[in-house]
Amino acid sequence: MPFRLVWSLTKAMAHQMPDTPCRLYLITPQRLDPPAFRDSLAAALDAGDVACLQLRLKDASEDQIARATEILMPIAAARDVAFLLNDNAALAARLGCDGAHLGQTDGNHAEARRLLDGRILGITCHASRHLAMEAGELGADYVAFGAFFPTETKATIHRATPEILAWWQEMFEIPSVAIGGITAANCAPLVQAGADFLAVVGAVWNHPEGPAKGVRSMNAAIAAAPRSPY
């Protein structure tokens, strides 16, 4: 998978090229009507640089998720955007997704790594250095830290600070994803600390001028924030 190779090399390249850009990681709304959402998704992905799309449908059945994947994954694939499924590695493998993003309670991570051999596995690590190192040891392709800011997407239990991104950037080659309440207005410290990807929901889908403008605003804010020199 060409994208997975690019993803895996991101951090290694950053050690030689400090200006390697942070990229946008887009997460879908928790509830959506896939046929109606198709045009909004295409507009967002066509508006600028998006590395990854995570399908995150809470309270949806596997059949509903499968139907959404059937409709939305080709839109991402046509634009060379990785398509990840939230919470369920087995279903992601069965549906042919590019990978999965798992929380700490989403099954056995080692088994997920086996199921997703040759695909992307991302793991939520909250604000824990220990959890992040464990994820790296079992072969995660990225670790996700957060929440960095208050968010209405989900209950905020763990709060992370940019320092954990700077520590990870300096110590490890596995890419990091920052998540939680991130907007164009507040993302600069995360980019400067060394986040490889910024995961956003509301900053794009709830943008007052539409999702395309949301993507362009995030891209501009990322470009304006210099990265860590590590």
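Here, the structure is the one placed above.
The sections below set out a description of the structure shown in this document.

Here is what the cut-offs are and how they apply
Residues numbered from 1 in each chain as written. Predicted model: local features only at pLDDT ≥ 70, side-chain atom pairs only at ≥ 80, totals over all residues. Heavy atoms only, no water. Helix = DSSP H or I, 4+ residues; strand = E, 2+ residues; numbered from the N terminus. Buried < 20%, exposed > 50% of the residue type's maximum accessible area, 1.4 Å probe, protein only. Salt bridge = Lys/Arg side-chain N within 4 Å of Asp/Glu carboxyl O. Axes fitted to C-alpha atoms, helices over the stretch in contact; angles between N-to-C directions. Left-handed = near helix turned anticlockwise from the far one by under 90°. Contact = heavy atoms within 4.5 Å. Nonpolar A, V, L, I, M, F, W, Y, C, P; charged D, E, K, R; others polar. Phe/Tyr/Trp six-rings, centres within 6.5 Å; stacked < 30°, edge-to-face > 60°. Polar contact = N/O pair within 3.5 Å; in protein donor to acceptor, adjacent residues only side chain to side chain. Pairing = 2+ DSSP bridges.

**Brief notes about the environment of Gly118**
- Structurally, the position occupied by Gly118 is in the loop between helix 5 (109-115) and strand 5 (120-126).
- By relative accessible area, Gly118 is classed as partly exposed at 39%.
- Each C-alpha atom, one on Gly118 and one on Gly99, is 8.8 Å from the other, the two residues being 19 residues apart in sequence.

**Observations regarding the pattern of salt bridges**
- Taken as a whole and judged by the stated rule, the model has eight salt bridges.
- Across the pair Arg23 and Asp49 runs a salt bridge whose closest N-O atoms are separated by 2.7 Å. Of this pair, Arg23 sits in strand 1 (residues 23-27) while Asp49 sits in the loop between helix 2 (34-47) and strand 2 (52-55), placing them 26 residues apart in sequence.
- Since its relative accessible area comes to 31%, Asp49 is described here as partly exposed.
- Put simply, Arg113 and Asp141 hold a salt bridge, and the shortest N to O gap is 2.9 Å. Taken together, the residues span a long stretch of sequence, with Arg113 in helix 5 and Asp141 in the loop between helix 6 (129-137) and strand 6 (142-145) at a distance of 28 residues. For the pair formed by Arg113 and Asp141, the shared burial category is buried.

**A few points about the packing of helix 6 against helix 7 (residues 162-171)**
- One way to put it is that helix 6 packs onto helix 7 with a least axis distance of 11 Å and a crossing angle of 35°. You can see that helix 6 and helix 7 cross each other, and the crossing is right-handed. Counting all contacts with helix 6, which are made through Arg129, Ala132 and Met133, the residues of helix 7 involved are Ile164, Trp167 and Trp168.
- Here the contact of helix 6 with helix 7 is built from residues that sort into five nonpolar, no polar and one charged.

**Let's talk about the packing of aromatic side chains**
- Tallied over the full model, the rule gives six aromatic pairs.
- Summarising the aromatic geometry, the rings of Phe145 and Trp168 are spaced 6.0 Å apart at their centres and angled 70° between planes, so their arrangement reads as edge-to-face. On the criterion of sequence distance, the pair formed by Phe145 in strand 6 and Trp168 in helix 7 is long-range, its members being 23 residues apart. As far as the burial class goes, Phe145 and Trp168 line up, both buried.
- In this structure an aromatic cluster arises from ring pairing among Phe145, Trp167, Trp168 and Phe172.

**Quick look at the side chain of Asp196**
- Among the secondary structure elements, Asp196 is positioned in the loop between helix 8 (188-193) and strand 8 (197-200).
- A polar atom in the side chain of Asp196 sits 3.0 Å from the backbone nitrogen of Ser176.

**Considerations on the sheet that holds strand 2**
- Reading around the barrel, the eight strands line up as 1-2-3-4-5-6-7-8 and close back on themselves, with parallel pairing between neighbours. Here the average twist between neighbouring strands, direction ignored, is 25°.
- One ladder, built from three bridges, connects strand 3 (residues 82-86) with strand 4 (residues 99-102); its direction is parallel. By the bridge assignment, Asn86 is partnered in strand 4 with His101.
- Contacts from helix 6 reach strand 5 and strand 6, with the element oriented near 165° to strand 5.
- Sheet contacts for helix 7: strand 6 and strand 7 (176-179); angle to strand 6, the most-contacted strand, approximately 160°.

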